[in-house]
Amino acid sequence: FYNPSKFTFSSLITDPENIEDNFRDYLAGFSDNVQQILSRMNFQAQIDRMVEAGVLYQVIVDFSAENLDMSPTHISTVDMGYIFENLVQRFSESYNEEAGAHFTSRDIIYLMCDLLMTNADLSEEDAPAKTVYDMAMGTSQMLTCMEERAKALDSTAEMICYGQEINPFTFGIAKADMLIRGGDPENMQFGNTLNDDKFSGYTFDYCISNPPFGIDWKREAADVEAEHKKGDAGRFGVGLPVKSDGQMLFMLNGLSKLKDTGR
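So, a few notes on the structure that sits alongside this text. Numbering of residues starts from 1 in each chain and follows the order in which that chain's sequence is written. It should be noted that, the model being predicted, local features are given only for residues of pLDDT at least 70 and side-chain atom pairs only at 80 or more, the latter also being counted only at that level, while totals for whole chains, interfaces and linings use all residues. For side-chain calculations, the full set of non-hydrogen atoms in the structure is used, while hydrogens and water are omitted.

1. Structural notes on the pattern of salt bridges
So, point 1. Each salt bridge in this description consists of a side-chain nitrogen of Lys or Arg and a carboxyl oxygen of Asp or Glu lying within 4 Å of one another. Under the definition given, this model contains 11 salt bridges.
So, point 2. The shortest N-O distance in the salt bridge between Glu225 and Lys243 comes to 3.1 Å. In this pair, Glu225 sits in helix H10 (residues 221-228) while Lys243 sits in the loop between H10 and helix H11 (246-256), placing the two residues 18 residues apart along the sequence.
So, point 3. Put simply, Asp197, Glu227, Arg235 and Lys257 are held in one network by salt bridges that share partners. Numbering of helices and strands runs from the N terminus; a helix is a DSSP stretch of H or I covering at least four residues, while a strand is a stretch of E covering at least two.

Below you can see the structure in the form of structure tokens.
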């Protein structure tokens, strides 16, 4: 990604009177792949809210502070996940929501990774790079933790991440994170996994996910039932659960994405 804008955060804060116009100019300079992320996150509306509240300039000043270096060399992706989850937890509690609906506790994720990678052989000559898939990836923290665990087991190991997410905001975070870390952002896909499978025909070495539980699949019924009729050519050939059991469809999707030796 790139940005040829004449502005940087350092230069933006030198002109408080024109902060809105200059900041929008700065954002408009980003390449198309970043523009897609900003669009998914409805970022222009966030600017409108900050302008209306009179805080846009102060927010940019705060993010320009020397002690707020959030580059990947200073703050790891996993630690950035903690920061995000802390914010989600605060706002979820303020709105009487369950924070667990938005993220999975990190100690649980690490346990999942350890279970998946017990006795894992990460140095097979025929497949030096392992693949991992999360069908409900959120901000992609499970994928990041799998990468981290693989490196801990074998410093030369390579884990290629793939994920799909239906929430546009958390998808934006996941894709931005992949861009910043130098991975392939096209491996991060937006859409409903149940009726808009972005990885049809793919199989992976690992599948790690915390799919939504306690939801129905009534909205996706027509597409799911049509795929079921394809038999083994689809993901749901073995049968369909009752309409209230959406999590079983996610389980079937995950199983369909595994290689013969997959976990």
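2. So, the sheet that holds strand E2 (residues 158-165)
So, point 1. Here we have four strands laid out as an open sheet, ordered E3-E2-E1-E4, and parallel in their pairing. Among the strands making up the open sheet, the edge pair consists of strand E3 (188-190) and strand E4 (206-207).
So, point 2. Alignment of strand E1 (residues 129-134) against E4, held across two bridges, turns out to be parallel. Residue Tyr133 lies in a different strand from E4, and its bridge partner there is Cys207.
So, point 3. The strands touched by helix H9 (residues 168-180) within the sheet are E2 and E3, with E3 carrying the most contacts at an inclination of about 160°. Any two strands are treated as partners once DSSP identifies two or more bridges connecting them. Contact between two residues is taken to exist if any of their heavy atoms lie within 4.5 Å; hydrogens are not considered. Fitted lines through C-alpha atoms serve as axes, helices being fitted only where they are in contact, and the angles separating the N-to-C directions of these axes extend from 0 to 180 degrees.

3. A word on unusual backbone geometry
What you tend to see is this: most non-glycine residues have negative phi, and most peptide bonds are trans.
So, point 1. We note that Asn119 has phi near 60°; this positive angle belongs to a residue other than glycine.
So, point 2. One can find Asn119 in the loop between helix H7 (106-116) and E1.
So, point 3. Residue exposure (1.4 Å probe, protein chains only): buried if accessible area is under 20% of the type maximum, exposed if over 50%, otherwise partly exposed. Residue classification places Asn119 among the exposed residues on the basis of a relative accessible area of 73%.
So, point 4. In this structure, Ser140 takes a positive phi of about 80° despite not being glycine.
So, point 5. By the secondary structure assignment, Ser140 is in the loop between E1 and helix H8 (141-153).
So, point 6. Classification of Ser140 by relative accessible area gives buried; the value is 2%.

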